[in-house]
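One-letter residues, chain by chain:
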Amino acid sequence: MAELELLQLANALQRTAITRGGYDGRSFDLMFAIADVLESDHGWSFEQSDAWLERMGLWEEEF
């Protein structure tokens, strides 16, 4: 997938998580998969994808 498509998918997952009060297991795993693809296929560093996951709310208990 193109980088923009991955980021759009991630934004949709984040919006869903916000309305539900957090990521469910499947969405959580998918966000990590997106980060992995951003690293492997789009040249993101581990630090960049880790910071992105944090901004997307993966480390928060609740929204």
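Anything mentioned here points back to the structure above.
My aim in this report is to walk through the structure given alongside it, one point at a time. Remember, predicted model here, so these are calculated numbers, not experimental data.

Considerations on helix H2 (residues 25-42)
Turning to step 1, where the next piece is worked out: Compared with an ideal rise of 1.5 Å per residue, which puts 18 residues at 26 Å, H2 spans 25 Å between its outermost C-alpha atoms and is within 8% of the ideal.
Turning to step 2, where the next piece is worked out: Residues of H2 that are buried make contact with helix H1 (3-20) and helix H3 (46-55).
Turning to step 3, where the next piece is worked out: After H2 finishes, the residue glycine 43 shows a positive phi value of roughly 80 degrees.

What about the environment of leucine 13?
Turning to step 1, where the next piece is worked out: Among the secondary structure elements, leucine 13 is positioned in helix H1.
Turning to step 2, where the next piece is worked out: Those residues in contact with leucine 13, other than ones at most four positions away along the chain, are Tyr23, Ser27, Leu30, Met31 and Ile34.

Procedures and definitions
- Residues numbered from 1 in each chain as written.
- Predicted model: local features only at pLDDT ≥ 70, side-chain atom pairs only at ≥ 80, totals over all residues.
- Heavy atoms only, no water.
- Helix = DSSP H or I, 4+ residues; strand = E, 2+ residues; numbered from the N terminus.
- Expected span 1.5 Å × (residues − 1).
- Contact = heavy atoms within 4.5 Å.

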